[in-house]
Amino acid sequence: MVTPDGRFITADETQNIDLFWAVRGGEAINTLRRNMKLSGDQISIIAANPLALDTLRDQLRNPSKGDVVYLLSLLSSSKAIRELYPSSDFTMKLLLQMSLGILDEIYKLEQFTPLIDVVVDGLPDTDIWAAVLDLTVIQKLKTPPASLLPSNLETPSKTNSGRLDDDAKVEDIELELFFEVRSHVFRWVDGFWEKYFNPGSWLQEQKDMYARMFSEHGDNGWKFPEKRDEEDVWKWLVGLEKRYLTGATNKLSNTTTAHQLGAGGQMDVYFRLGDPGSQYDVLVAGGLGKPHSLGGFKSSLLQLTRLVRGIFKEQPTRRFVHAFLLRSAEMELWVFDRSGLYSSGEFNIILHPDKFASAFVRYATMDDNALGRDIFIKDSHQVTLHDANSTTGEETTLTLTAEPFVRQNAIVCRGTTCYKTNDNNMYVAKFAWAPHKQMLELDLLKHAKDKGCPTGGIEIPSASPF
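Residues numbered from 1 in each chain as written. Predicted model: local features only at pLDDT ≥ 70, side-chain atom pairs only at ≥ 80, totals over all residues. Heavy atoms only, no water.

Summarise the nonpolar core; cite the residues concerned and give the values.
By size, the foremost hydrophobic cluster in this structure holds 43 residues, and its most contacted members are L237, L333 and F356. Residue contacts for L237: discarding those within four places in its chain leaves L252, V269, L288, L326, F356 and F360. One finds I46, L72, L95 and V119 within the second-largest nonpolar core, a separate group that totals 31 residues. (Core = buried A, V, L, I, M, F, W, Y, C linked by side-chain atoms within 4.5 Å. Buried < 20%, exposed > 50% of the residue type's maximum accessible area, 1.4 Å probe, protein only. Contact = heavy atoms within 4.5 Å.)

So, the pairing of strand β3 (residues 269-272): which residues are in play, and what are the values?
On β3, burial covers both faces: V269 and F271 on one face and Y270 and R272 on the other are all buried. The pairing of strand β2 (residues 251-253) with β3 spans 3 bridges and is classified as antiparallel. Among the inter-strand pairings, K251 is bridged to a residue of β3, identified as R272. As judged from the 4 bridges shared by β3 and strand β4 (residues 282-289), these two strands associate in the antiparallel manner. Bridge pairing in β4 places V269 opposite G286. (Helix = DSSP H or I, 4+ residues; strand = E, 2+ residues; numbered from the N terminus. Pairing = 2+ DSSP bridges.)

Outline the side chain of R362, listing residues and values.
Within the secondary structure, R362 sits in helix α15 (residues 353-365). Engagement of the side chain of R362 in a polar contact is seen with the backbone oxygen of Y196, the distance being 3.2 Å. With residues near it in sequence (within four places) discarded, R362 still touches Y196, F197, W202, Q206 and A370. (Polar contact = N/O pair within 3.5 Å; in protein donor to acceptor, adjacent residues only side chain to side chain.)

Which residues make up the pattern of salt bridges, and what values go with them?
By the definition in use, this model includes 6 salt bridges. Residues R61 and D58 are paired through a salt bridge, measuring 3.4 Å at the closest nitrogen-oxygen approach. R61 sits in the exposed class, given a relative accessible area of 53%. You can call D58 exposed: its relative accessible area is 58%. Between K235 and E231 there is a salt bridge, with the nearest N and O atoms lying 3.3 Å from each other. Here E231 and K235 lie together in helix α13 (residues 230-244), a separation of 4 residues that amounts to about one turn. (Salt bridge = Lys/Arg side-chain N within 4 Å of Asp/Glu carboxyl O.)

Any chance you could break down the pairing of strand β12 (residues 428-431) for me, citing the residues and the numbers?
Side-chain alternation along β12 places A429 and F431 on a buried face and V428 and K430 on a face that remains uncovered. One ladder, built from 4 bridges, connects strand β11 (residues 417-420) with β12; its direction is antiparallel. By the bridge assignment, Y419 is partnered in β12 with A429.

Before we move on, could you go through the packing of aromatic side chains and cite the residues and values that matter?
Under the criterion given, the structure shown has 18 aromatic pairs. Geometrically, the ring pair formed by W193 and F197 is tilted, given 5.3 Å between the ring centres and 55 degrees between the ring planes. Note on accessibility: W193 and F197 belong to one class, buried. Relative to F431, the ring of Y419 lies with its centre 6.0 Å away and its plane at 90 degrees, an arrangement referred to as edge-to-face. Of the two residues, Y419 is situated in strand β11 and F431 in strand β12; the sequence distance between them amounts to 12 residues. Here Y419 and F431 have matching classes, each one buried. Within the aromatic cluster, the residues linked to one another by ring pairs are F192, W193, Y196, F197, W236, F271, F320, F324, F347, F356, F360 and Y363. Cation over ring: R338 sits above F312, and NZ or CZ is 4.3 Å from the ring centre. Across from the ring centre of F405, 5.8 Å away, lies the NZ or CZ of K420, which sits over that ring. (Phe/Tyr/Trp six-rings, centres within 6.5 Å; stacked < 30°, edge-to-face > 60°. Lys NZ or Arg CZ within 6 Å of the ring centre and 35° of its normal.)

Pasting the structure below:
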């Protein structure tokens, strides 16, 4: 605080107590004090994007960890936060990190009391966002625990879920997946739609499919099932495919038993190429269900992540996997790669029919490159590499064994996959994501040789970036 004579002082429960309680005295003063932290533009954004927290109010009177985590997740995924902080997603990530800190008991619920109180008291949204601002400013002054820092700047070299195979209990796999991916989940990614679903680069056939499908929306909206349970939504999707996606290469399918695609788990809906077979045939993974309830998002995403892990295991040289969640009329598109999980953010397919039609048509028509499938190992199991020792651009072609002898169970890792070659097993072909800000293995080996270090007879005759 600043006194009339220009001095800066601190007022709290231990010093300058009279001023502290005077400032805290009336709720009108509190509201004015909070709103002074917000600019006119911020107040306008908040007014245009109201929060819907009424259903949480009673639960927050005696909150559990799950209640507070759910409150923070609603705030971090709201449209208002993206407009309040358009140039940075730091505040959004910080709220998500604090959610994880609550679950890990790094943060105590008492630290969130000021935010909880304004929600319980039914105060205006401006008060709630001012409390969020207080909370994030306080946390910015602290160093977040290392386990909660987002690590998307580097390709991870370790994995937490690699030790569990598909025959382990689902609960155990999903628990380890949670610890593996929790700092690598990024929603509302800028440029997501432009990168993967931009109709400007579509072929005319794709544009025709989109036009036919969008025509069903019409003035009355999608003829969406009233019950909106998984079976009805599945039948509705199949009907759309039959009517509007004739000629699409990728076909809708689903599973009816847990082991229909192998040990990877039952898949509500997915796109495949050709006849249903195994996880090797899955092009796009999908999950159906009811609207998210308390804790429902985490459960749905972990289930989808477990299925994608199975795809990566069966397609070990796959670069990334498209997936989606459709919970009643709420949809979210995902891309999984070795650095983490990235999403479009959730949208309502009734309010945004263009997004739904774009996603459905694109999933049904993506080629191998757009799907992130292996485009460098030929059908004959041959791979062509640049000769590392050549100055004239010579290439080496190796014939690989049918199955790798090293593959990963994890998603967030370097994805190291090793094949023996059929050249008298003279070589091993290793595929892996290059580590960020680190020397490549080929460069390390050359450096070691230049320094006269023993290399154990290891040679890397060929290497290629893919």
